[in-house]
Amino acid sequence: MKTCRRCLREFDAHDPDDYSPAREIGELFLDAADPEGKNELCPDCREEMGMLNLPGFGQ
């Protein structure tokens, strides 16, 4: 189990979850911002990051 650095909730990194376009955009953003992968965020926080970046996506 890992602990989310943002909300401090425990999550399983290997837990298969359903597809979310916002989560995918969040992962793209986090990969670009931290190429070493130290941003250990839970799926919900990754999805929120993706929604925050949707308005600027593609610019």
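This structure is a prediction, so every number in the text was calculated from the model and none was measured.

About the cut-offs
Residues numbered from 1 in each chain as written. Predicted model: local features only at pLDDT ≥ 70, side-chain atom pairs only at ≥ 80, totals over all residues. Heavy atoms only, no water. Helix = DSSP H or I, 4+ residues; strand = E, 2+ residues; numbered from the N terminus. Buried < 20%, exposed > 50% of the residue type's maximum accessible area, 1.4 Å probe, protein only. Core = buried A, V, L, I, M, F, W, Y, C linked by side-chain atoms within 4.5 Å. Contact = heavy atoms within 4.5 Å. Expected span 1.5 Å × (residues − 1). Arc of directions from axis to C-beta.

## Side note on unusual backbone geometry
A negative phi angle is the norm for most residues apart from glycine, just as the trans form is the norm for most peptide bonds. For L8, which is not glycine, the phi torsion reads 65 degrees and is therefore positive. Residue position: L8 is located in the loop between β1 (2-3) and β2 (10-11). Judged by its relative accessible area of 65%, L8 is exposed.

## Thoughts on the nonpolar core
Across soluble globular proteins, nonpolar side chains show a tendency to be buried alongside one another. Within the largest apolar cluster, 7 residues are counted, these being C4, F11, L30, L41, C42, C45 and M49. Residue contacts for C42: discarding those within four places in its chain leaves C4, C7, R9 and F11.

## Observations regarding helix α1 (residues 21-33)
Between the first and last C-alpha of α1 there are 18 Å, a value that for 13 residues agrees with the 18 Å anticipated at 1.5 Å per step. Residues of α1 that are buried: A22, R23, I25, G26 and L30. Along the axis of α1, the buried positions cluster into a sector of 160 degrees, meaning they face one direction only. Turned more than 90 degrees away from the buried face of α1, the exposed residues are L28 and A32. On the buried face of α1, the contacting elements are α2 (43-53).

Everything listed here is a matter of coordinates, which is why it stays silent on function.
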